Amino acid sequence: MIASRPATERTAQGMRYEASARGSTPAPFVLGVAGTAKNTGKTTTMAGIMQEGLARGWRMCLTSIGFDGEELDNVTGLPKPRIHCEEGVVVATASRCVEAGTAAFGALEDAGIDTALGRVLIGEVRRRGLVVLAGPNKTIDLEALLGRIRGMRATPDLVLVDGAFGRIAPMTAVDAIVIATGGSRNRSIPALARDTEAIVRVFGIPSLDDAGWAGLFGEVRPSLANGAGCGETLVSYKDGRVATAPGSCLLGDQAWAAGGLGIAGIRAVFAAGATDAGGIRSFVRSLQERLGGVSLVFSSPISLMVSGDPVGVATAIDWVESGGGRVWVRRPVPLLAITVNPFYPVRLSSGNFAGRFVNRKNLLREFKRRLGVPVWDVVSDRTAGLGEQVASVLQRRRPVEMKET
């Protein structure tokens with residue numbers, strides 16, 4: 001018998017679990033794997049987690065919010081790691097990608113989602129082989145796809161969602177995330193560590209639960225309860241008023257005046273849309289000396305990563321908190337681990353590219369010294385450690401059925 005859990009539960013490690021509405025069977029755990037740049041080891045990380053899951057007897061599902069699994073890098077021309085799927089793995093990918101791989105599928109289900117490469121189809125691998133992934137690139141479409149996967153007769157234990165920082169917005173739909181970074185993002189180890197430390201900082205912003213939300217904004221709107229965008233900015237005042245302004249971005253100097261909103265007596269502001277460091281700084285400047293005690297609420301850490309400037313965002317958040325303000329996210333996306341890849345490509349005089357590496361030992365030492373999350377080199381360390389981490393999450397979801405390795 002599978003142990004049941006409340007509909008939503010937060011553990012001491014900050015993980016969010018959602019039990020299925022179908023009896024005591026837990027919903028599949030949805031894990032995003034996002035690379036900070038090309039060639040940072042995202043595909044290797046995802047493939048490694050998949051193999052660890054298969055070794056443990058998990059029913060696996062793969063999809064992507066972009067495009068992955070091609071043979072060569074489309075910029076450098078260098079070979080890329082491929083995605084080999086075993087029999088029984090469920091894949092959700094665009095129709096044209098089904099034909100591009102060598103894996104054979106059973107019956108394919110139309111997920112009803114259009115992409116540039118055709119409709120997204122869901123099918124189980126019946127003969128092992130290579131797969132190419134391309135899936136929905138909008139949050140609403142990824143949520144719809146995950147809904148279809150959760151409704152499958154044989155529900156997967158783990159859904160892996162491939163993605164990248166350049167198209168990270170849909171990752172707000174995942175339960176947790178693994179970030180892949182490395183020399184291809186920045187060849188300077190101190191700079192890369194600082195960049196990654198900022199990512200950890202942003203994903204560590206505390207979440208605002210329903211009670212906290214009600215204390216700041218009164219009635220919890222269904223459209224805001226899960227951090228979904230609402231197309232407007234909410235401003236709460238200490239006298240109990242809650243005003244709205246069009247647009248979902250954080251209000252800056254000009255927007256306060258254009259929206260006819262006063263800045264005196266502000267208690268909290270909720271910005272549902274993507275926000276960058278400049279937007280936060282503009283907001284702080286607009287409040288002048290009134291920042292103390294003000295809560296700034298974002299929809300999720302993903303909305304702060306869309307700009308691709310984690311150092312700038314983390315610095316701006318520090319600025320808010322040093323001025324006495326508080327920063328929250330409505331929907332947390334726990335950062336499970338960081339994977340590192342020392343590799344980076346360089347252009348030769350011939351115009352071709354070749355691979356180079358930053359010092360692996362120095363890279364790992366600096367990351368482990370500065371970051372408060374597990375760090376793995378999935379090439380040299382293999383993926384056993386990362387697999388154990390994911391297994392511990394799933395083990396807590398269904399402690400009886402999960403197989404021991």
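Residues numbered from 1 in each chain as written. Predicted model: local features only at pLDDT ≥ 70, side-chain atom pairs only at ≥ 80, totals over all residues. Heavy atoms only, no water.

Engineer: Can you break down the packing of aromatic side chains residue by residue, with the values?
Structural biologist: Under the counting rule described, the total for this entry stands at three aromatic pairs. Each ring, one from Trp 213 and one from Phe 270, has its centre 5.0 Å from the other, and the planes form 85 degrees; the classification is edge-to-face. Of this pair, Trp 213 sits in helix H5 (residues 210–217) while Phe 270 sits in strand E17 (residues 266–271), and the two are 57 residues apart along the sequence. Take Phe 270: its relative accessible area is 0%, and that puts it in the buried class. Plain terms: the ring middles of Phe 343 and Phe 357 are 5.7 Å apart, the flat faces sit at 70 degrees to each other, and that makes the pair edge-to-face. Of this pair, Phe 343 sits in strand E21 (residues 343–347) while Phe 357 is found in strand E22 (residues 353–357), placing the two residues 14 residues apart along the sequence. Take Phe 343: its relative accessible area is 17%, and that puts it in the buried class. Its relative accessible area of 58% is what places Phe 357 among the exposed residues. Cluster of aromatic residues (ring-pair linked, three or more members): Trp 213, Phe 217 and Phe 270. Across the ring face of Tyr 237, the terminal group of Arg 241 is positioned such that the distance to the ring centre comes to 4.1 Å. (Phe/Tyr/Trp six-rings, centres within 6.5 Å; stacked < 30°, edge-to-face > 60°. Helix = DSSP H or I, 4+ residues; strand = E, 2+ residues; numbered from the N terminus. Buried < 20%, exposed > 50% of the residue type's maximum accessible area, 1.4 Å probe, protein only. Lys NZ or Arg CZ within 6 Å of the ring centre and 35° of its normal.)

Engineer: Mind laying out the side chain of Ser 236, listing which residues take part and the relevant values?
Structural biologist: Relative to the elements of secondary structure, Ser 236 occurs in strand E15 (residues 232–237). A distance of 2.5 Å separates a polar atom in the side chain of Ser 236 from the backbone oxygen of Leu 216. What Ser 236 contacts, discounting residues up to four positions off in sequence, is Leu 216, Phe 217, Arg 241, Val 242, Gly 265, Ile 266, Arg 267 and Ala 268. (Polar contact = N/O pair within 3.5 Å; in protein donor to acceptor, adjacent residues only side chain to side chain. Contact = heavy atoms within 4.5 Å.)

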